[in-house]
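Coordinate inspection notes
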Amino acid sequence: MTTVMGFPEDIRAVAAELLAQDSVTIVSHIDADGITGEAILAQALSRAGVTVQSVFVRQLEPLTMRQVPKDETFKLFCDLGAGQQNLLAEHGLSEDEVAIIDHHVSQPCGRDYLQVNCLPYGHTKLSAAGVAYLVARAIDSGNTDLARIAVIGNIGDMMAREDCGLVGIARDIAQEGAEHGAIEIRQRDLNCYGISTRPLHLCLSYTDDPFIPGISTNAAGALRFLEKLEVPLKDSARRWLVWEEIPPEDRRAITSALAQQLLANGQGISRLFSESYLFPGEPERTPLRNAQEFATLLNACGRWSRPRVGGSICRGDRGSAYREAEHMLTNHRAIIRELLQFILDSGVTELSHLQYIHVGNRYPDTIVGIGAGMALSKLAMHKPILIMVAQPEDPELTKVSLRTTNRMVEQGVDLQQVATEASAKFGGAGGGHRIAAGAFIPRGAEQEFVFHVNELLAGQCPCPGTGHR
Ligand code: C5P
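This report concerns the structure included in the present document. Everything quoted here is computed from the prediction, not taken from an experiment.

**Some remarks on the overall build of the protein**
Tallying secondary structure elements over the protein gives 17 helices and 13 strands in all. The C-alpha extent of the protein, read off along each of the three principal axes, is 65 × 50 × 40 Å. Taking as baseline every contact in the protein between residues at least 6 positions apart, the subset at least 24 positions apart corresponds to 65%. Accessible area of the protein: about 19100 Å², with a carbon and sulfur share of 49%. Computed over 43 positive and 56 negative side-chain charges, the inter-centroid distance for the protein is 7 Å.

So this is what it looks like as structure tokens:
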């Protein structure tokens with residue numbers, strides 16, 4: 001990496017290089033972090049008078065490298081590239097035509113590509129969109145309106161999950177958005193997905209972090225629990241209230257009853273609360289109202305090959321792009337529910353430190369990790385889950401996704417390390433994060449790969465606990 005001086009210096013170096021260009025091609029990832037990162041960079045560059053075009057890829061690998069144009073434009077990689085620098089070199093990209101904005105582990109490479117990466121500086125809870133925002137602000141200090149998009153990227157990449165809120169630079173970005181008036185930060189809010197769109201009892205029944213006995217996975221139980229508290233659950237039009245709309249005193253009554261329920265079952269209450277990031281300027285009762293649900297909307301677009309629709313929504317389109325995204329979100333949820341059921345019905349194969357399943361070619365490789373992560377909360381949570389899926393466009397290649405829990409990460413599990421090392425052993429390539437990682441491997445190596453992953457996990461965490469169920 002060029003000029004390893006410090007994170008702020010790297011940010012300024014990339015911003016200066018970008019401002020010196022006439023024309024930039026952004027190559028970004030199809031997930032919420034990649035879509036928001038691209039939206040931030042493209043807007044910052046256009047505002048600065050730089051011509052921008054964008055390409056989205058599901059992963060940087062030899063097949064998708066073909067989408068990176070061989071032309072005169074400067075290539076700006078976002079949310080990918082750090083771990084694939086040798087591939088960039090093989091593609092013939094020289095040092096003076098590339099910059100990388102990333103938060104993944106960097107690959108040693110003979111070429112000294114200009115890069116800004118938060119990871120080597122110890123900022124482990126910052127996503128690529130977060131780094132992109134810092135670059136955008138270095139391009140022009142007036143770009144603080146883009147903070148909201150960066151928060152969505154950070155949340156979408158699960159940067160808040162471990163600490164029940166954004167921390168460090170990512171939290172500072174949220175604060176900037178709040179000062180700009182675009183974000184309402186609610187501290188010690190309910191740690192629950194769907195606070196702007198789901199009736200509260202459903203919201204609670206889907207929650208498994210923390211797992212609340214009698215409520216999690218039990219919508220009828222959750223409703224009975226709430227009814228006993230005698231707080232209004234419907235509005236004057238007899239519509240179910242969503243959490244966001246419930247008055248503060250009723251919210252307090254509900255969280256304190258939930259805390260008692262956890263304590264009565266001998267469980268801690270720290271994960272009952274988390275910070276939430278609401279967008280008061282967006283229409284009520286829509287997924288646009290908070291960072292978590294907004295990120296899911298973008299993921300639905302990206303994972304179903306329409307990242308540009310997500311990009312339009314980040315740029316403010318609330319018309320045709322939003323309607324299309326809503327449709328994709330419905331479809332996304334239905335297929336993931338089906339995949340979850342498929343995993344539970346088919347059952348996983350258990351090894352000493354791993355559980356795994358192969359889903360053939362039934363599901364797109366872009367969503368299997370999401371389904372596996374959801375299935376994990378209904379399976380033995382102390383064993384990471386590995387899911388394999390065939391690649392219709394390349395029958396010799398298998399996509400692998402790995403997921404685990406915070407608790408296992410605390411005990412030493414590092415799926416990024418496992419995915420990278422195990423895939424490299426069989427001539428594949430992988431990466432990701434401690435809690436969620438992925439890889440592509442040769443189809444013929446599937447069985448040996450799985451055994452090797454199990455061995456590596458045994459080395460990281462020799463005596464896995466039994467989880468909380
Ligand atoms: O695809 P999946 O959702 O399982 O990816 C989980 C994480 O692993 C993501 O951060 C993704 O960028 C990373 N990954 C990777 N290399 C792959 C596949 C996934 O770095 N070949």
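**Considerations on the side chain of T36**
The topology assignment puts T36 in helix 2 (residues 32-47). Side-chain polar atoms of T36 contact the backbone oxygen of A32, separated by 2.7 Å. Here D33 takes part through its backbone oxygen, which lies 3.0 Å from a polar atom of the side chain of T36. Beyond its immediate sequence surroundings of up to four residues, T36 is in contact with A129, I149, I152, G153, L298 and C314.

**Notes on the sheet that holds strand 4 (residues 98-102)**
Strand order in the open sheet formed by five strands is 2-1-3-4-5, with parallel pairing between adjacent strands. With one partner strand each, in any of the chains shown, strand 2 (51-57) and strand 5 (114-117) form the two edges of the open sheet. Going across the sheet, the axis of each strand differs from the next one's by a mean of 15°, ignoring polarity. When strand 3 (residues 74-78) meets strand 4, the two strands line up parallel, connected through four bridges. In the strand pairing of strand 4, F77 is matched with I100.

**As for the sheet that holds strand 8 (residues 349-350)**
Ordered by their spatial adjacency, six strands build an open sheet running 8-9-10-11-13-12, and the pairing between neighbours is mixed. Since the sheet does not close on itself, it has two edges, and those belong to strand 8 and strand 12 (429-432), each with one partner. By the bridge criterion, seven bridges tie strand 11 (residues 397-403) to strand 13 (residues 436-442) in an arrangement that is antiparallel. Directly across from L397, in strand 13, lies its bridge partner P442. Across the sheet, helix 14 (residues 368-376) touches strand 9 (355-358), strand 10 (385-390) and strand 11, and the angle it forms with strand 10 is around 150°. Against the sheet, helix 17 (residues 446-460) makes contact with strand 9, strand 10, strand 11 and strand 13, and its axis sits at roughly 165° relative to strand 10, the strand it touches most.

**A few points about the pairing of strand 9**
As paired strands, strand 8 and strand 9 are joined by two bridges and run antiparallel to one another. Following the sheet pairing, E350 is matched in strand 9 by Q355. In textbook terms, the turn of a hairpin is the stretch between consecutive antiparallel strands, and for strand 8 and strand 9 this stretch comprises four residues. With four bridges joining them, strand 9 and strand 10 adopt parallel strand pairing. For H358, the partnering residue across the bridge sits in strand 10 and is M388. The handedness of the strand 9 to strand 10 crossover, carried by helix 14, is right-handed.

**Overview of unusual backbone geometry**
Look at the link from D209 to P210: it is a cis peptide, with omega at 10°. For P210, the position within the fold is in the loop between helix 8 (200-206) and helix 9 (219-228). The backbone of M158 sits at a positive phi, close to 65°, despite the residue not being glycine. Examined against the element boundaries, M158 turns out to sit in the loop between helix 6 (147-156) and helix 7 (168-179).

**Considering the packing of helix 2 against helix 6**
Orientation of helix 2 relative to helix 6, taken along the N-to-C sense of each, is 160°, at an axis distance of 8 Å. Taken together, helix 2 and helix 6 sit at an angle that is classed as roughly antiparallel. In the packing of helix 2 onto helix 6, the handedness of the crossing is left-handed. On helix 6, the residues that touch A32, D33, T36, A39 and I40 of helix 2 are I149, A150, I152, G153 and G156.

**Re the environment of C109**
Relative to the helices and strands, C109 is located in the loop between strand 4 and strand 5. Exposure remark for C109: the relative accessible area of 24% places this residue in the partly exposed category. For the pair C109 and L87, spaced 22 residues apart in sequence, the C-alpha to C-alpha distance is 9.4 Å. Excluding its chain neighbours within four sequence positions, the residues that come into contact with C109 are Q85 and N86.

The rules we used
Residues numbered from 1 in each chain as written. Predicted model: local features only at pLDDT ≥ 70, side-chain atom pairs only at ≥ 80, totals over all residues. Heavy atoms only, no water. Helix = DSSP H or I, 4+ residues; strand = E, 2+ residues; numbered from the N terminus. Contact = heavy atoms within 4.5 Å. Areas by Shrake-Rupley, 256 points an atom, 1.4 Å probe, with all protein chains shown as cover. Lys, Arg positive; Asp, Glu negative; His and termini not counted. Charge placed at Lys NZ, Arg CZ, Asp CG, Glu CD. Polar contact = N/O pair within 3.5 Å; in protein donor to acceptor, adjacent residues only side chain to side chain. Pairing = 2+ DSSP bridges. Axes fitted to C-alpha atoms, helices over the stretch in contact; angles between N-to-C directions. Right-handed = clockwise from strand over helix to strand, strands pointing away. Parallel < 35°, antiparallel > 145°, perpendicular 65-115°, else oblique. Left-handed = near helix turned anticlockwise from the far one by under 90°. Buried < 20%, exposed > 50% of the residue type's maximum accessible area, 1.4 Å probe, protein only.

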